[in-house]
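Below, each chain spelled out in residue letters.
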Amino acid sequence: MKKFMYKRMDLILLGIILLSAFLNIYNIWKNDYANAYYTAAVKSMLENFHNFFYASFDPAGFVTVDKPPLTFWIQTLSAAIFGLHGWSVMLPQALAGVGSVVLLYFLLKPTFGITGARIASLTMAITPIVPAISRSNNIDSMLVFTLLIGVWMLFKGVRKNKAIWVIGAFAMIGLGFNMKMMQAFMVAPAFYLFYITAAKVKWKEKIGILASATAVMMALSLSWAVVVDSVSAGDRPYMGSSQTNSVLELAFGYNGVARLTGQGQSTPGGGGADKGNGNEMQAPPNGMEQGEAPEGMPSGAPPNGQGGPNQANGANATNSDDSASNDSSNTDSSSTQDNTNSETQTSEDNGQRDFLSKGDQGGPGGQNGGGMFNTGTPGFFRLFQIGLADQISWVLPFALFGCVGLLSGIRLRKQWSDEEKESLFWLAWLGPVGVFFSIAGFFHQYYLIMLAPPIAAFVGAGWVKLFKLYQTEKGFKSMLLPIAILATTAFEVFTLKSYIDQIGMVWSIGVGGAGTLLSLALFFFKQKEKRATYFVSLAALLALLALLVIPAFWASTPIIYGDGNSVMPAAGPTTMGNGNMKMGEGQNSINENLVSYLKKNSDGETYLFATSNASSAAPYIIEGETVMAMGGFSGSDPILTTEKLEEMVKNNEVKYFLIGGGGPGGSSDLQTWIKEHGEEVPQEEWNGTSNNDSDSDSNSGMPGRGGQSETLYKVEL
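Let us look at the structure shown here.

What counts as what
- Residues numbered from 1 in each chain as written.
- Predicted model: local features only at pLDDT ≥ 70, side-chain atom pairs only at ≥ 80, totals over all residues.
- Heavy atoms only, no water.
- Helix = DSSP H or I, 4+ residues; strand = E, 2+ residues; numbered from the N terminus.
- Buried < 20%, exposed > 50% of the residue type's maximum accessible area, 1.4 Å probe, protein only.
- Contact = heavy atoms within 4.5 Å.
- Areas by Shrake-Rupley, 256 points an atom, 1.4 Å probe, with all protein chains shown as cover.
- Patch = residues over 30% accessible without salt bridge, like charges linked within 9 Å, V, L, I, M, F, W, Y side chains within 5 Å.
- Salt bridge = Lys/Arg side-chain N within 4 Å of Asp/Glu carboxyl O.
- Axes fitted to C-alpha atoms, helices over the stretch in contact; angles between N-to-C directions.
- Parallel < 35°, antiparallel > 145°, perpendicular 65-115°, else oblique.
- Left-handed = near helix turned anticlockwise from the far one by under 90°.
- Nonpolar A, V, L, I, M, F, W, Y, C, P; charged D, E, K, R; others polar.
- Core = buried A, V, L, I, M, F, W, Y, C linked by side-chain atoms within 4.5 Å.
- Pairing = 2+ DSSP bridges.
- 1 Å grid on protein atoms, 1.4 Å probe; cavity = no way out; pocket = protein on both sides within 12 Å on 5 of 7 lines; lining within 4 Å.
- Points joined across faces, edges and corners; volume = space filled by probe spheres on them.
- Phe/Tyr/Trp six-rings, centres within 6.5 Å; stacked < 30°, edge-to-face > 60°.
- Polar contact = N/O pair within 3.5 Å; in protein donor to acceptor, adjacent residues only side chain to side chain.

## A short note on the overall build of the protein
Looking only at helices and strands, one finds 27 helices and five strands in the protein. Out of the 717 residues belonging to the protein, those deemed buried represent 61%. Relative to all contacts within the protein whose residues are 6 or more apart in sequence, the contacts with residues 24 or more apart total 73%. When the accessible surface of the protein is split by element, carbon and sulfur atoms take 60% of a total near 26,100 Å².

## Some remarks on a nonpolar patch on the surface
On the surface, a nonpolar cluster with roughly 570 Å² of combined accessible area is contributed by Tyr 534, Phe 535, Leu 538, Leu 541, Leu 542 and Leu 545. Secondary-structure assignment places Phe 535 in helix α22 (residues 533-560). Exposure remark for Phe 535: the relative accessible area of 48% places this residue in the partly exposed category.

## Observations concerning the packing of helix α5 (residues 70-82) against helix α6 (residues 86-126)
Here α5 crosses α6 at 130°, and the two axes come no closer than 8 Å. Of the possible angle classes, the one that applies to α5 and α6 is oblique. For α5 against α6, the interelement crossing comes out right-handed. When α5 is examined against α6, the residues Thr 71, Ile 74, Gln 75, Ser 78, Ala 79 and Phe 82 are found in contact with a partner set consisting of Trp 87, Ser 88, Val 89, Leu 91, Pro 92 and Gln 93. Tallied by class, the residues present in the contact of α5 with α6 amount to seven nonpolar, five polar and no charged.

## Some words on the nonpolar core
Core analysis: the biggest nonpolar cluster contains 193 residues, and Phe 57, Trp 426 and Phe 657 have the highest contact counts within it. The leading source of residues in this core is α6, at 15 residues. Ile 28, Ala 34, Val 89 and Met 90 belong to the second largest nonpolar core, which has six residues in total.

## Comments concerning the pairing of strand β3 (residues 656-660)
The buried fraction of β3 amounts to five of the five residues, a majority that puts the element mostly inside the structure. Here strand β1 (residues 609-611) runs beside β3; their pairing, made up of two bridges, is parallel. Bridge pairing in β3 places Thr 611 opposite Leu 658. The pairing of β3 with strand β5 (residues 710-715) spans five bridges and is antiparallel. What sits directly across from Phe 657, in β5, is Tyr 713.

## Topic: the sheet that holds strand β4 (residues 678-681)
Read from one edge to the other, the open sheet built from five strands follows the order β2-β1-β3-β5-β4, with strand pairing classed as mixed. Since the sheet does not close on itself, it has two edges, and those belong to β2 (627-629) and β4, each with one partner. Mean inter-strand twist for the sheet, computed between neighbouring axes without regard to direction, equals 30°. In this sheet, β5 lies alongside β4 in antiparallel orientation, the contact comprising four bridges. Looking at β5, one finds that Glu 679 is bridged to Lys 714. Running over the sheet, helix α23 (residues 592-601) touches β1, β3, β4 and β5 and is turned about 150° from β3.

## Overview of the layout of surface pockets
When its volume is computed, the largest pocket comes out at roughly 370 Å³. In this structure, the largest pocket is lined by 17 residues; those nearest its centre are Phe 62, Ala 233, Gly 234, Arg 236 and Lys 644. Each residue belonging to the lining of the largest pocket can be placed in one class, and the counts come to nine nonpolar, four polar and four charged. A volume near 320 Å³ is recorded for the second largest pocket. What lines the second largest pocket is simply Gly 379, Phe 380, Leu 383, Phe 384, Leu 396, Leu 400, Leu 427, Leu 430, Gly 431, Gly 434, Val 435 and Ser 438.

## A word on the packing of aromatic side chains
Scanning the entire structure with this criterion turns up 42 aromatic pairs. Pairing Phe 155 with Trp 426 gives two aromatic rings, centres 6.5 Å apart and planes at 80°, and the pair type is edge-to-face. Highlighted residues: Phe 155 in helix α8 (residues 140-160) and Trp 426 in helix α17 (residues 418-439), separated in sequence by 271 residues. Summarising the burial analysis for this pair, Phe 155 and Trp 426 share the class buried. Through pairs of rings, three or more aromatic residues link up here, namely Phe 155, Phe 170, Phe 191, Tyr 192, Phe 194, Phe 425, Trp 426 and Trp 429.

## Quick word on the side chain of Asn 137
Examined against the element boundaries, Asn 137 turns out to sit in the loop between α7 (129-134) and α8. Here the side chain of Asn 137 touches Asn 35 through a polar contact of 2.8 Å, landing on its backbone nitrogen. A distance of 3.1 Å separates a polar atom in the side chain of Asn 137 from a polar atom in the side chain of Thr 39. Apart from the residues within four sequence positions on either side, Asn 137 is in contact with Ala 34, Asn 35, Tyr 38, Thr 39, Gln 75, Val 89, Met 90 and Gln 93.

## Some details on helix α3 (residues 36-45)
The buried fraction of α3 is high, at nine of ten residues. Buried within α3 we find Ala 36, Tyr 37, Tyr 38, Thr 39, Ala 40, Ala 41, Val 42, Ser 44 and Met 45. Where the residues of α3 are buried, they touch α4 (49-54), α5, α6 and α24 (614-622).

## So, the environment of Lys 655
Here Lys 655 shows up in the loop between α25 (642-650) and β3. The buried category is assigned to Lys 655, whose relative accessible area is 5%. Distance from Lys 655 to Asn 601, taken between C-alpha atoms, is 10.0 Å for residues 54 residues apart in sequence. Those residues within four positions of Lys 655 in sequence are excluded, and the remaining contacts are Asn 601, Ser 602, Asp 603, Glu 605, Tyr 713, Lys 714, Val 715 and Glu 716. A polar atom in the side chain of Lys 655 sits 2.7 Å from the side chain of Asp 603.

## Some details on the environment of Ser 616
Mapped onto the secondary structure, Ser 616 falls in helix α24. Taking the C-alpha atoms as reference, Ser 616 lies 9.6 Å from Tyr 37; in sequence the two are 579 residues apart.

From the geometry alone we can't say anything about function, so treat these as descriptive.
Spelled out as structure tokens, the structure:
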């Protein structure tokens, strides 16, 4: 029996699984808070079922996070088992990333063989953005894993001609919707196309099964949203990041159409996050909306520094561009920068401003990704621009050549093979998603994990097909393999030139030399009528492995240099020198003096204090305090009116308000009301310093400080 099991086990797959687990999990225990916005929600969801069901950001159930709850339910379960830690809320995503690698192997093996399956799973494991996002508590790796389960069910349903599996496959898209809303629907065209082309049933039955599957998918997708929207607003938290307190509006607006158009991303629904504390924020470059924010990061925060070679990625980038903008325009705030990390802050601020000012230089040949959050300039070659290419596209040229080879024999009037049908499926996944990222007005680098499965599939299946064409065909088809290797080598060397300052010339010379020599060897072998099959196979395999060296190195950088950014994860050597610092690491500490003062002077209010936005509240919530984010995630959610706030003060729900700190968002009407009706608490009473020196060391370690002072107000009516 043991001998039988040994023969059945693919040891190479086991090695790939261990590699993926290492890349996804190693050292995640060094990240204390992960994405604090979502970790705070998990802390609140552990309190009671009400918070758990709605994914409440705060323990009192004032406002939810900006996404549906399914992934956070899983994270909460993990935290309930292991305790609330950064690693415990990241672990489900890390394991999901490993699961995706395994699923891709079993998806390809039946049709494309064990070699294609191994190559695909290895490519998936070392695609840089895959371990980068899997090492966080953001949602995307869990979403991709869920969708790949759906693909497995779809393929099984077609092969066995079982409708229940097909319906289950579409149900997984519905579950994915309850993780990240409209993003899950991006793969639906591939599901429909594959069933239509591959299912061996009559058209009448086919239409009936698809109708049933669609109904189940939509029912699951909208189930939580309909339930929540049907509950009275007074009996549930406000739907964070919506403008009408509606899950459906959040799904199809802020988390839907607005992602494509890029409109209204300054705040959900188009509200202006720049109205927060009386300051007018400077307009960002490239026509992006003011205050545009990443998942789990308040509007007005600067973009991830990962996208270009001249930009550092990590904690120090937090206070760079926006704090400089606010300092010059906010008359109510101090212009003194926080002294934390002062040795590196100035140069990185300059690098950030320089990076943003050159946004239009993205694209092939550009020295940075350009655009807000390093997503480059929309267009046909967007995925080949620095900032995106180094996260997802290292082997995309080879995948495209593989796609050509796999579909080169397809004819409309002949029966398609299983190989061609499944290739069409992966193309129907890759094409629409690739087009979206090429033209979308707003997304983040880590969304690109949606492209990882089809690219990996085409690399694995494509290598097998191109090698077969090389051996059996003559003419252009037989040359596709060496051409693909040479083109991909050239692209990798071209991309690497932007990172010479960080990693030197060795990588470019090594990869460029190996890829070029091996592709030329394949050209040479093809010209010989009698060629050694062993050497041809070895050259072809070594050439592919040479192409995977750079993405493997990029994928390992979060371990080598430390996770540079828990809010907007990305991989690459621009994290070099940041150690294991996380974005906003200094901001993730709480002010113990403030907590001590408020607890001593509270009169049993529901909230220890209120602040404008989630970034200021999250660290306190994680540490067990009940804090109100008046404007939700970005500070601009229209949750409160001055009348409602007055009522809450009179009802002894809240008395203290922490305002300022350079944090974005917040209603100017609310802040004006607080200042008019409240009494400013002297800094020395709650922060250990006077107002005169509050702009120096007093703010060190305070959340949302942005280099600006915070003011505590007491309002009693």
